[in-house]
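Single-letter residue listing:
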Amino acid sequence: MGDLQDLRKQLVQEQCREHKKANLKGNSLEDLSQSKLKNFIVDDKHGIIYCYIPKVACTNWKRVLYALNQGEPYPDLVSIKSSTVHKQFKFTLLNDYSRTEIKAKLRHYTKFLFVRDPFVRLVSAYRDKFLRNDPYFYENYGRNMLRLYNNQPDPPKTEKAFRLGIRPSFYNFIQYLLDPQTERSAPFEPHWRQMHRLCHPCLIEYDFIGHQETLQDDAQELLKMLKLEDSITFPSAYENVTSHDSLLNWFRAVPLEDRRKLYEVYEEDFRLFGYRRPSELLDD
């Protein structure tokens, strides 16, 4: 497993050297505004920094960090409600500190993140936020998608839409991601923002890079590295996880040209984290 970690970290370093553009506006940490550091949870007691990426096991890793905050004996992770750990004020974030403290913590703490196949992550985000009735996402994103890409000038309000089963299609979601106007008003919402834009792997050298696809093994390895394997049990995966095999079905309604454009939008994530280009979706 140590070898696998070395390979993953080495790949990130090589890709960062090749793709200086992944460094956002600049080549150093100083160039990152405080707002770009808000996905980093800090545990001072255990010397841990976790950059969380929505739709990549982040609920369970937040449960781990929340449990560590409670002190020993740590609560059973499964007993911690997901609604509890998704409240920002439950955690100390990296951008709560001064620049000097941030640099010191990044130098000395164990830093980790978990990543996932970028297209599978997008399907998972769509399923979670638009197939399930999520009022916030329908009101703030879904209605707009229906208006712009589904020929519905005045989509119904939330309750009526849910009652009638009206929602943007997966292709509407992809159209929204490809529309140049989308990011003119605000950056991508974190559930579909590129992983490298949330965690800046070309500016921050991670000690551990986990993959959703090998989550249980990686979780064990990381807990061992943090010397927590005897006191924390990582929850086992649930069945309803979006799989790579289902991608062809999801993308069936997305024209080839749009699939290729979408790959370009997320290509940096594919390359940095060693995910193969999905040729079955992108080639004629």
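Residues numbered from 1 in each chain as written. Predicted model: local features only at pLDDT ≥ 70, side-chain atom pairs only at ≥ 80, totals over all residues. Heavy atoms only, no water.

Participant: So what exactly am I meant to see when it comes to the packing of aromatic side chains here?
Facilitator: Centre distance and the angle of the planes are the two values used to describe a pair of aromatic rings. In this structure the tally under the stated criterion is 29 aromatic pairs. It is Arg 277 that lies over the ring of Tyr 263; its NZ or CZ is 5.9 Å from the centre. (Phe/Tyr/Trp six-rings, centres within 6.5 Å; stacked < 30°, edge-to-face > 60°. Lys NZ or Arg CZ within 6 Å of the ring centre and 35° of its normal.)

Participant: I'm lost on the sheet that holds strand β3 (residues 92–93) in this one. Help?
Facilitator: Hydrogen bonds between backbone groups are what pair the strands of a sheet, and the pairing can be parallel or antiparallel. Strands sit in the order β3-β1-β2-β4-β5 across an open sheet of five strands; the sheet is mixed. In this open sheet, the two strands that pair with only one neighbour each are β3 and β5 (208–211). The sheet contact formed by strand β1 (residues 40–43) and β3 spans two bridges and is antiparallel. Bridging from a neighbouring strand, Ile 41 pairs with Leu 93 of β3. The strands that helix α2 (residues 58–70) touches are β1, β2 (48–51) and β4 (110–115); relative to β2, the one it contacts most, it runs at about 155 degrees. (Pairing = 2+ DSSP bridges. Helix = DSSP H or I, 4+ residues; strand = E, 2+ residues; numbered from the N terminus. Contact = heavy atoms within 4.5 Å. Axes fitted to C-alpha atoms, helices over the stretch in contact; angles between N-to-C directions.)

Participant: Hey, could you run me through the state of the cysteines in this one?
Facilitator: Simply put, disulfide is the name for a covalent bond between the sulfur atoms of two cysteines. On inspection of all chains with the given rule, the structure shows two disulfides. At a sulfur-sulfur separation of 2.0 Å, the disulfide partner of Cys 16 is Cys 202. Between Cys 16 and Cys 202 the sulfur-sulfur dihedral comes to about -85 degrees; the bridge is accordingly left-handed. You can see Cys 16 sitting in helix α1 (residues 2–18) and its partner Cys 202 sitting in the loop between α10 (195–199) and β5, a full 186 residues away along the chain. (Disulfide = S-S within 2.5 Å.)

Participant: I would appreciate a short explanation of the pairing of β4 in the present structure.
Facilitator: Regular strands place their side chains on alternate faces of the sheet. In terms of burial, β4 is largely enclosed, as five of its six residues are buried. Relative to β4, β2 runs parallel, the two sharing four bridges. In the sheet register, Tyr 50 faces β4, and the bridge partner there is Phe 112. Note that β4 and β5 share four bridges and pair parallel. The residue bridging Leu 113 from the neighbouring strand is Ile 209, located in β5. (Buried < 20%, exposed > 50% of the residue type's maximum accessible area, 1.4 Å probe, protein only.)

Participant: Could you clarify how one ought to interpret the pattern of salt bridges in this entry?
Facilitator: Enumeration according to the criterion identifies 15 salt bridges in this entry. For Arg 8, the salt bridge goes to Asp 218, with nearest N and O atoms at 2.9 Å. Taken together, the residues span a long stretch of sequence, with Arg 8 in helix α1 and Asp 218 in helix α11 (residues 215–225) at a distance of 210 residues. We classify Arg 8 as buried; its relative accessible area is 11%. (Salt bridge = Lys/Arg side-chain N within 4 Å of Asp/Glu carboxyl O.)

Participant: What am I meant to see in the pairing of β1 here?
Facilitator: By the alternation rule, side chains of β1 split into Phe 40 and Val 42 and Ile 41 and Asp 43, which are all buried. Bridge analysis of β1 against β2 gives four bridges, and the strand direction is antiparallel. Bridging across to β2, Asp 43 finds its partner in Ile 48. Connecting the antiparallel pair β1 and β2 is a turn made up of four residues, with Gly 47 showing a positive phi of about 65 degrees.

Participant: Hey, could you run me through the nonpolar core in this one?
Facilitator: Generally speaking, a soluble globular protein has its nonpolar side chains buried in company with each other. Counting residues in each nonpolar core, the largest one holds 85 residues, and the members touching the most others are Trp 61, Phe 173, Leu 177 and Trp 192. Look past the residues within four positions of Trp 61 in its chain and what remains in contact with it is Tyr 50, Phe 112, Phe 114, Leu 215, Ala 219, Leu 222, Leu 223 and Phe 234. (Core = buried A, V, L, I, M, F, W, Y, C linked by side-chain atoms within 4.5 Å.)

Participant: So what exactly am I meant to see when it comes to helix α8 (residues 170–178) here?
Facilitator: Every α-helix winds through 3.6 residues per turn, so residues three or four apart in the chain are directed the same way. Those residues of α8 not exposed but buried are Phe 170, Asn 172, Phe 173, Ile 174, Tyr 176 and Leu 177. The inward-facing, buried residues of α8 contact α5 (118–131), α6 (135–149), α9 (182–185), α12 (247–251) and α13 (256–272).

Participant: In this structure, what is going on with unusual backbone geometry? I would like to understand it.
Facilitator: Trans is the prevailing form of peptide bonds, just as negative phi is the prevailing case for residues other than glycine. Geometrically, the link from Glu 72 to Pro 73 is a cis peptide bond, its omega value of -10 degrees lying close to zero. With respect to the secondary-structure elements, Pro 73 resides in the loop between α2 and α3 (82–85). Even without being glycine, Lys 55 reaches a positive phi, approximately 75 degrees. Checked against the element boundaries, Lys 55 lands in the loop between β2 and α2. A relative accessible area of 17% means that Lys 55 is categorised as buried. Positive phi outside glycine occurs at His 200, with the angle close to 50 degrees. If you trace the backbone, His 200 turns up in the loop between α10 and β5.

None of the figures reported here should be taken as evidence of function without further support.
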